[in-house]
Amino acid sequence: MINVGIVGLGFMGATHIGAYLKAAAEGYPCRLAAVCDADPARRSGKLPGTGNMETGSAVFDPTSVRAFATPAEMLASDQVDLVDICTPTDTHAEIAIAALHAGKHVLVEKPVALTAEPIRRIAEAANRAGRLCMPAQCMRFWPSWTWLKAAIDDRRFGRLRAINFQRVGAMPTWSRFFIDVARSGGASIDLHIHDCDFIYHCLGRPEAVTSAGHVNHLSTIYHYDDASLHVTAQGGWLAAPTPFRMRYLAEFEHATADFDIGRSPQLLLSRDGKSEPVDTGPLNGYDGEVRHLLTAIAERKTNDQLLATLGDAIDVSIILETEQYSAECGRRVRITWGVDEPPGH
């Protein structure tokens, strides 16, 4: 049995609780053992429900789940095996490293950090501790995205020719954290990271990027060896209230895949002059990521066997930093992968 402790009981913490409860109900060897939050009301089980989409978040039973006011108190408990970090981005590294030093496995929400250097320190701590530490890049586990990755890999519809991602929604004013760009990184990091990471997951390291926009609304072209491959992504928070949009359009040689979270059916496949729905099942990416990590812990896998690794998170952080530099200077920028080299050098 894997005893899980959640640190941070905002919307994402509530969403992760729902994912673990659902996994446990379906036979995964896990138990919600502890929660941690500075807010006494949240520790009593009164959790927020604000977010971009319905993810099946759930409250917990405070009579059967131990509640802590600080991460240090939770980490001192021998009743927690896996620490799930859902706190603001600028607190991730400190909590993750402390959890690893305490001998816990770790799931850390995205972005792991605003720059690559803290992620490297977490990776070093995970290696020293011999524990798993996975970034919670949920789109790698979202069924319609895993379907797309498989289609790109096995070329069931021929070679990928072009792919576009869009992820935009209203500014998340329910928390001052998001508005503080120095802490959240703005939409160009906190929101756009999902599609940047998935592009990297599917296609590997791009050679260069061309970006336009600003910290809260960014569009990027990703340049690869194959100049005919057209890869773009747009991510942003909009000032006016607007429904959240999460879309992709993937053009293959013999078919086009079209996903829109605001439509039913969400995923359509067009080929041979016809369009048909694709059923990818009832789970979401939060379900997928926690089940993947629970299975990896149970099977004693290593960090490099995880579907999302801290090494991936370092590379994605470098790409995002280069995108911001490209938008600022107004030109295409080659990505440098050296440890300490800034974008454009």
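Structure: see above.
Draft legend 1. Examining the packing of aromatic side chains more closely. Tallying each qualifying case throughout the model produces 11 aromatic pairs. Centroid distance Trp142 to Tyr286: 5.7 Å. Interplanar angle 75°. Geometry classified as edge-to-face. Here Tyr286 lies in helix H11 (residues 285–298) and Trp142 lies in the loop between strand S6 (133–136) and helix H6 (143–154), a separation of 144 residues in the sequence. The class for Tyr286 is buried, based on a relative accessible area of 7%. For the ring pair Trp147 and Phe157, a centre distance of 5.9 Å and an interplane angle of 40° mean the geometry is tilted. Of this pair, Trp147 sits in helix H6 while Phe157 is found in the loop between H6 and strand S7 (160–170), placing the two residues 10 residues apart along the sequence. Taken as a pair, Trp147 and Phe157 share a single burial class, namely buried. Ring-pair connections join several aromatic residues into one group, and the members of that group are Trp145, Phe165, Phe198, Tyr248 and Phe259. The ring centre of Trp337 lies 4.3 Å from the NZ or CZ of Arg205, which sits over that ring.

Draft legend 2. Structural view of the pairing of strand S10 (residues 230–238). Alignment of S7 against S10, held across 9 bridges, turns out to be parallel. Looking across to S10, one finds that Asn164 is bridged to Thr232. The pairing of strand S9 (residues 217–223) with S10 spans 6 bridges and is classified as antiparallel. Residue pairing for S10: Thr220 is matched across the bridge by Ala233. Hairpin connection of S9 to S10: 6 residues between the antiparallel strands.

Draft legend 3. Structural detail: unusual backbone geometry. Here the residue pair Lys110 and Pro111 is connected by a cis peptide bond, since its omega of -20° sits within 30 degrees of zero. Here Pro111 shows up in the loop between strand S5 (105–109) and helix H5 (116–129). Geometrically, the link from Ser264 to Pro265 is a cis peptide bond, its omega value of 0° lying close to zero. Mapping Pro265 onto the fold places it in the loop between strand S12 (256–260) and strand S13 (267–271). Its identity is not glycine, yet Arg155 carries a phi of approximately 55°, on the positive side. Relative to the helices and strands, Arg155 resides in the loop between H6 and S7. Taking the relative accessible area as the measure of exposure, Arg155 reaches 54% and is therefore exposed. Its identity is not glycine, yet Asp272 carries a phi of approximately 55°, on the positive side.

Draft legend 4. How the structure looks around the packing of helix H4 (residues 92–101) against H5. It is at 9 Å that the axes of H4 and H5 come closest, and there the two elements cross at 5°. On the basis of their axis angle, the class for H4 and H5 is roughly parallel. From H4, Ala93, Ala96, Ile97, Leu100 and His101 reach across to H5, where they touch Pro118, Arg121, Ile122, Ala125, Ala126, Arg128 and Ala129.

Draft legend 5. Focus on the sheet that holds strand S4 (residues 82–85). Pairing is parallel in the open sheet, where 6 strands are placed in the order S3-S2-S1-S4-S5-S6. What marks the edges here is a single partner per strand, and that holds for strand S3 (66–68) and S6. Between one strand and the next, the sheet's axes are offset by a mean angle of 25°, whatever the strand orientation. Taken together, the 4 bridges between S4 and S5 define a ladder with parallel strand orientation. From the neighbouring strand, Asp84 faces S5, where its bridge partner is Leu107. Sheet contacts for helix H1 (residues 11–25): strand S1 (2–7), strand S2 (30–36), S4, S5 and S6; angle to S2, the most-contacted strand, approximately 160°. The strands touched by H4 are S1, S4, S5 and S6; relative to S5, the strand with the most contacts, the crossing angle is about 170°.

Draft legend 6. Expanded view of the sheet that holds strand S11 (residues 245–252). If you walk across this open sheet you meet the 9 strands as S14-S13-S12-S11-S7-S10-S9-S8-S15, and the pairing is mixed. A strand with exactly one partner marks an edge of an open sheet, and here the two such strands are strand S14 (274–277) and strand S15 (333–334). Direction of pairing for S7 relative to S11: antiparallel, over a ladder of 8 bridges. The residue bridging Val168 from the neighbouring strand is Arg245, located in S11. Across the sheet, H6 touches S7, S11, S12 and S13, and the angle it forms with S11 is around 15°.

Draft legend 7. Region of interest: H11. The terminal C-alpha atoms of H11 lie 20 Å apart, and with 14 residues this matches the ideal 20 Å at 1.5 Å per residue to within 8%. Extensive coverage of H11 is indicated by the burial of 11 of its 14 residues. Within H11, burial applies to Gly285, Tyr286, Asp287, Gly288, Glu289, Val290, Arg291, Leu293, Leu294, Ala296 and Ile297. Two or three places before Tyr286, at the start of H11, stands the capping residue Asn284, its side-chain oxygen 2.9 Å from that residue's backbone nitrogen. A positive phi of about 55° marks Arg300, the residue just after H11.

Analysis parameters
- Every chain is numbered independently, its residues counted from 1 as its sequence is written.
- In keeping with the model being predicted, local features are shown solely for residues with a pLDDT of at least 70 and side-chain atom pairs are shown and tallied solely at 80 or more, while totals for entire chains, interfaces and linings include all residues.
- The basis for every side-chain value is the complete set of non-hydrogen atoms in the structure, without hydrogens or water.
- Aromatic contacts are taken between Phe, Tyr and Trp rings whose centres are within 6.5 Å, Trp giving its six-membered ring; a plane angle under 30 degrees counts as stacked, one over 60 as edge-to-face, and the others as tilted.
- Helical segments are the DSSP runs of H or I of at least four residues, strand segments are the runs of E of at least two, and each set is numbered from the N terminus.
- When accessible area is computed with a 1.4 Å probe and restricted to protein chains, residues below 20% of their type maximum are described as buried, those above 50% as exposed, and intermediate ones as partly exposed.
- Both a distance and an angle decide whether a charge sits over a ring: NZ of Lys or CZ of Arg must be within 6 Å of the ring centre and within 35 degrees of the ring normal.
- Between any two strands, pairing holds if DSSP finds at least two bridges.
- A fitted line through C-alpha atoms serves as each axis, taken over the contacting stretch for helices, and the angle formed by two N-to-C directions is quoted from 0 to 180°.
- Here the angle decides the label: under 35 degrees means roughly parallel, over 145 means roughly antiparallel, 65 to 115 means roughly perpendicular, and every other value means oblique.
- For this analysis, residues touch if any pair of their heavy atoms sits within 4.5 Å.
- To estimate the expected span of a helix, subtract one from its residue number and multiply by 1.5 Å.
- Contacts described as polar in this section are N or O atom pairs within 3.5 Å, which, within protein, must combine one atom able to donate a hydrogen with one able to accept it, while residues neighboring in sequence count only if both atoms come from side chains.

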